[in-house]
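Topology and contacts: notes
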Amino acid sequence: YLQNFLARFRRRDGREIWGSASASWVEMSGRRMLLLSTRDVTIRIDAQRREAESRALLAALLDSTRDGIWQVEPTRFAFTAFNAAFAERFRREWGVEPALGQTLEELASPEVAGLWRDFYTRALTDGPFTTEYALEGGARTTQISLSPVTHEGEVFGVSVFSRDITELKQAAQERAAIEQQLLQSQKMESLGSL
């Protein structure tokens, strides 16, 4: 007995298709015979292949960035997806390996978990927003953007994009200091001219 066995078949016209085959022994006119039926499932298999390729491409795209990207579901805020950069930052920041299905309460301190729970709730109630978040005891700064994930009016979770902006902030501070020095120099030059 065989049911829904997937295999490649060649049609009479020479074209190859995917078929779902089922077979069983039957009695006919006193003879035992094998009844075999095959259903063409090429369209379904091709659609599954395209979906798998699309998912692999999306995963490769998300993993190619240094920005942390993740998603949580809307009730417990358990991780439903994340990229390699997020996992690396998580290991570096808290020394633990994140896994799908885990919540931040299982991985971080209650203070950190509470803060992120507030971020997720705010995104669900108020909509998308962007803010800054300190990492490594304030040594590094990230810009985080949170958005509710919806499809046809149903909320599926919250997506988060996180970018390390420490160097940008330092450059802005240095530029402000140089501008202040230039302004002070101009003041002193004007005073000297007087």
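**Quick word on the environment of Gly157**
Along the chain, Gly157 falls in strand 8 (residues 154-164). Between the alpha carbons of Gly157 and Phe77 there is a distance of 7.7 Å; along the sequence they are 80 residues apart. Those residues within four positions of Gly157 in sequence are excluded, and the remaining contacts are Val72, Glu73, Pro74, Leu124, Ser147, Pro148 and Val149.

**Looking at the nonpolar core**
Residues Trp70, Phe79, Leu104, Trp116, Tyr120, Leu146 and Val160 are the most contacted members of the largest nonpolar core, which totals 22 residues. Listing elements by their share of this core, those giving two or more residues are strand 4 (68-72), helix 2 (84-94), helix 3 (110-126), strand 6 (129-135), strand 7 (140-151) and strand 8. Take this core: its biggest share by element is six residues, from helix 3.

**With respect to the pairing of strand 5 (residues 79-82)**
Here three bridges tie strand 4 to strand 5, and the two strands are oriented antiparallel to one another. From the neighbouring strand, Gln71 faces strand 5, where its bridge partner is Ala81. Counting the residues between successive antiparallel strands, the hairpin from strand 4 to strand 5 contains six residues, one of them, Phe77, with a positive phi of roughly 60°.

**Digging into the packing of aromatic side chains**
One pass over the structure, following the stated rule, counts 13 aromatic pairs. Between the aromatic rings of Trp116 and Phe119, the centroid separation amounts to 5.1 Å while the plane-to-plane angle is 85°, which identifies the pairing as edge-to-face. Separated by three residues within a single helix, Trp116 and Phe119 lie in helix 3, roughly one turn from each other. For Phe119, a relative accessible area of 11% translates into the label buried. Between the aromatic rings of Trp116 and Tyr133, the centroid separation amounts to 5.1 Å while the plane-to-plane angle is 70°, which identifies the pairing as edge-to-face. Taken together, the residues span a long stretch of sequence, with Trp116 in helix 3 and Tyr133 in strand 6 at a distance of 17 residues. Assessed through its relative accessible area of 5%, Trp116 is described here as buried. The exposure class assigned to Tyr133 is buried, which follows from its relative accessible area of 10%. Counting every residue linked through ring pairs, the aromatic cluster contains Trp70, Phe77, Phe79, Phe82, Phe86, Phe90, Trp116, Phe119, Tyr120, Phe129 and Tyr133. Arg32 extends its terminal NZ or CZ atom over the ring of Trp25, reaching a point 4.5 Å from the ring centre. For Arg122, the ring lying beneath its charged end belongs to Phe129, and the centroid distance is 3.7 Å.

**With respect to the sheet that holds strand 6**
Strand order in the open sheet formed by five strands is 5-4-8-7-6, with antiparallel pairing between adjacent strands. Looking at strand neighbours, the two that pair on one side only are strand 5 and strand 6, the edges of this open sheet. Taking each pair of neighbouring strands and ignoring which way they run, the sheet shows an average axis angle of 25°. Contacts from helix 3 reach strand 4, strand 5, strand 6, strand 7 and strand 8, with the element oriented near 45° to strand 7.

**Focus on the pattern of salt bridges**
For the structure shown, the criterion picks out 12 salt bridges. Here Glu106 ties to Arg76 by a salt bridge, and the two come within 4.0 Å at their closest N and O atoms. Separated by 30 residues along the polypeptide, Glu106 in the loop between helix 2 and helix 3 and Arg76 in the loop between strand 4 and strand 5 bring together distant segments of the chain. Take Arg76: its relative accessible area is 45%, and that puts it in the partly exposed class. A salt bridge links Arg117 to Glu105; its shortest N-O distance comes to 3.0 Å. One end of the pair, Arg117, is in helix 3; the other, Glu105, is in the loop between helix 2 and helix 3, with 12 residues separating them in the sequence. Salt bridges sharing common partners tie together Arg8, Arg10 and Glu16.

Reading the values: the criteria
- Along each chain, residue indices are assigned from 1 in the same order as the chain's sequence is written.
- Confidence filtering applies because this is a predicted model: local features only for residues at pLDDT of at least 70, side-chain atom pairs given and counted only at 80 or more, and all residues used for totals across whole chains, interfaces and linings.
- Note that water and hydrogens are dropped before the side-chain values are worked out from all heavy atoms of the structure.
- Put simply, DSSP H or I for four residues or longer makes a helix, DSSP E for two residues or longer makes a strand, and each gets a number counted from the N terminus.
- Note on contacts: a residue pair qualifies if any of its non-hydrogen atoms lie within 4.5 Å across the two residues.
- Joining through side-chain atoms within 4.5 Å is the link that ties buried Ala, Val, Leu, Ile, Met, Phe, Trp, Tyr and Cys residues into a set, and such a set is a nonpolar core.
- For every residue, the accessible area (1.4 Å probe, protein chains only) is compared with the maximum for its type, and the residue is labelled buried under 20%, exposed over 50%, or partly exposed between those bounds.
- When DSSP finds at least two bridges between two strands, those strands are taken to pair.
- Pairing of aromatic rings covers Phe, Tyr and Trp, the last counted by its six-membered ring, and requires centre-to-centre distances within 6.5 Å; plane angles under 30 degrees mean stacked, over 60 mean edge-to-face, and any other angle means tilted.
- We call a charge positioned above a ring when the Lys NZ or Arg CZ atom is no farther than 6 Å from the ring centre and deviates by at most 35 degrees from the ring normal.
- Whenever a helix is involved, its axis is fitted only over the stretch in contact; in every case the axis is a line through C-alpha atoms, and angles between N-to-C directions fall within 0 to 180 degrees.
- Put simply, a salt bridge is a Lys or Arg side-chain nitrogen that is within 4 Å of an Asp or Glu carboxyl oxygen.

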